[in-house]
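# Working through the structure, step by step
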Amino acid sequence: MSSNDSASQDTLISTLYVSTIDVGLARDSGKKIESIILKKNEEQLKEVEKTICAGSVHREELHPPLTLDSDDHIFVSVNCSCPWGKRVDVPIDINLRDIESYRKKARNVEVVVAGHIQPLLATTTPIIEACSQFRLLIIGNAGVGKSSLINKVFGVDDVNTSTNTRGAANIDQEFVSPKNERFVVHDSLGFEAGDERNIAIVKDFVARRKAKPGLKDQLHAIWLCLELPYSGGRLLEAGVEKFLQLPLVVVLTKVDLLDIQLELDQPANETLENYKSGYMNEECAEPLRQAAGSDVTHVTVSVEDGYSGSLSNLVKATDENMAKYHVDEAPRVIASIAQRVSIKEKLDLSIAVGKKKYWKMLLKSAVFRGHTLQECLQVIRKDVITVWNFDDPDECLMDDKLVAALLRTDNLGDTSSAPSAVPSFANLLMSGLELLKGASGSGDITLAVLVPVAGIVISVIQTTYEAYREAKKDVKILMAYIVDLICVMQAIFLITSGGRVTPEAVTQAVQAYEKPRRFVHMLVDGFDGKLGVIPGGRDYVLERIEALIWRHSIADHEIEELRRRIAEGLPSNSDSSSA
């Protein structure tokens, strides 16, 4: 590196974050360390009284990391039992170019400082910075069910486009909800015969949004909502075919009403399924195909009970349609984050985000160089919580008690009681919820604190770190933590039903997961891969995590029935019902 390069780096790197300080004694020193004092400039930060024998190392983890600017210095004073005195001062002069580690020795005492230029950044953070909201244009006449659809898909109850009447709608108006900040909706009225003006307004809006320089300001998806025709109704008005050339999803609403009509009209010699399939092709798919000149992505939906799967299909179709027209992944990621109807979409994204960086780094152990384990677990949790996008204004899910409740090593190492057949995750979870109901006798759940003392988080993490360094089951602990975290997200998804997250809801989810957790840990313990021992070993670990997540996942078609059972058996979350 040239002197110019060095000067440039000094200019760019102005802050160092110190994560760990290791203090050790040479094996042949004949001394013992009795205490360690850490100072920043002239300020004493902490004193650690601990006996460290020759040949041993003490690691001091700093959480949050210690921030050092270019003119700051840190000092380590070590008190030793030795023939010539008790104090060995080891001043450490940090050069900001030494960003991974810094070593200094004095009188058989070695101090190693590990740091990094910036704190760990969640994988989702740059994506959200580039595109903070999923921007949707929804088109359809009043009464077609646009507001109900938006509220159901995005888990809110305060977006109302029905106030827009013909001649009064403003397509540039943004509809947003404080209960889900990851989406914004624009509304347009549908098209009537001869209504060239509205078609021109919509096309102009789409063109203007496409020209926006910022990804977050561009239009990401279009839903054209049409009410399914029944009793001789017509699907398309004249002029709509001009609009079908745009990248959109045709949303055929109120399929529940059509199902009732078709059941009444069902021919005696034909099954209802075949009758509906033929009707849909003749009255919907074929008219759309003829109007557009090609197949048009279309989905039948209903917001009524029994049709939650149709909303998951809409989310999937929207994602697939966006993949055709958006090179950047950010809009698709934000769309998956914004939706609150499909567990499958959440699981897909959780896995994709995790495998992109931190799961792989954690299991390779490279992430520990310069960062504490607590930082790593924090950023993994941050990514998972961002993907699931709960209404959590009080940040209940970022409470470290949740980490302590999950980061436990019991069951690992004992496969003696492993069953030959594992029940489905949904059944295990519901069994856990029913046990909570029975705990009080009256249907009320006795809500317990997740852990008795918040400080246990540090000791649990420290224990896990020691296991990571010294024990063979290190990988299993971290695998179990990731799977446990995502399983608990599924439980919260069911319990809150898109409402607000409360400490009670989190406690219910963690307690309900206790029974399935034992099965998860038995399966984790069956993992026999050793990290870095065989080629491809690391990839095998990630594949195993992914397989465990899918094995302990709730299918979208199960959500509605499970929520019904929860509503019957558990007390309602007061904040959820009013959210």
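Keep in mind it's a predicted model, so treat the numbers as computed, not measured. (Residues numbered from 1 in each chain as written. Predicted model: local features only at pLDDT ≥ 70, side-chain atom pairs only at ≥ 80, totals over all residues. Heavy atoms only, no water.)

## Side note on the overall build of the protein
- A tally of helices and strands in the protein yields 20 helices and 14 strands.
- By residue count, 50% of the 579 residues in the protein fall in the buried class.
- Within the protein, residue pairs in contact and separated by at least 24 positions form 72% of the contacts whose partners lie at least 6 positions apart. (Helix = DSSP H or I, 4+ residues; strand = E, 2+ residues; numbered from the N terminus. Buried < 20%, exposed > 50% of the residue type's maximum accessible area, 1.4 Å probe, protein only. Contact = heavy atoms within 4.5 Å.)

## Thoughts on the pairing of strand β9 (residues 134–139)
- Counted residue by residue, β9 has six buried out of six residues, so it is predominantly covered.
- Taking every second residue as pointing to the same face, both faces of β9 are buried, with Phe134, Leu136 and Ile138 on one and Arg135, Leu137 and Ile139 on the other.
- Relative to strand β11 (residues 180–188), β9 runs parallel, the two sharing six bridges. Counterpart to Arg135 in the pairing with β11 is Val184. (Pairing = 2+ DSSP bridges.)

## A closer look at helix α3 (residues 146–153)
- Across the eight residues of α3, six count as buried, placing the element largely inside the fold.
- Buried residues of α3: Lys146, Ser147, Leu149, Ile150, Asn151 and Val153, and no others.
- For α3, the secondary structure elements touched by its buried residues are β9, β11, β12 (221–227), β13 (249–253) and α7 (308–325).
- Just downstream of α3 lies Gly155, where phi reads positive at about 65°.

## A look at the nonpolar core
- Residues Phe134, Leu149, Trp223, Trp388 and Met489 are the most contacted members of the largest nonpolar core, which totals 104 residues.
- Judged by nonpolar contacts, the second largest core, of 30 residues, contains Ile139, Phe191, Leu226 and Leu228. (Core = buried A, V, L, I, M, F, W, Y, C linked by side-chain atoms within 4.5 Å.)

## As for the sheet that holds β12
- Taken together, six strands build an open sheet; the order of strands is β10-β11-β9-β12-β13-β14 and the sheet is mixed. Of all the strands in the sheet, just β10 (175–177) and β14 (298–300) have a single pairing partner and so form its edges. Adjacent strand axes in the sheet meet at a mean angle of 25° when their direction is disregarded.
- Relative to β12, β9 runs parallel, the two being bridged by four bridges. Each residue of the ladder has a partner; that of Leu137, found in β12, is Ile222. (Axes fitted to C-alpha atoms, helices over the stretch in contact; angles between N-to-C directions.)

## Observations regarding the confidence of the model for the protein
- Confidence in the prediction for the protein averages 78 pLDDT; 73% of positions are at 70 or higher.
- Low confidence marks residues 1–13, where pLDDT is under 50. Its contacts with residues over four positions away, or in another chain, come to eight contacts.
- Below a pLDDT of 50 lies the segment residues 440–461, which in the model reaches 42 contacts outside its immediate sequence neighbourhood of four places, other chains included. (pLDDT = per-residue confidence, 0-100.)

## Let's talk about the packing of aromatic side chains
- All chains considered together, the criterion is met by six aromatic pairs.
- A centroid spacing of 6.2 Å and a plane angle of 15° characterise the contact between Trp388 and Phe390, whose relative ring orientation is stacked. Like Phe390, Trp388 is buried.
- Ring geometry for Trp388 against Phe493: centres 5.9 Å apart, planes inclined by 75°, an arrangement best described as edge-to-face. A residue pair is termed long-range when its members are at least 10 positions apart, and Trp388 in helix α11 (residues 373–388) and Phe493 in helix α15 (residues 474–496) qualify at 105 residues. (Phe/Tyr/Trp six-rings, centres within 6.5 Å; stacked < 30°, edge-to-face > 60°.)

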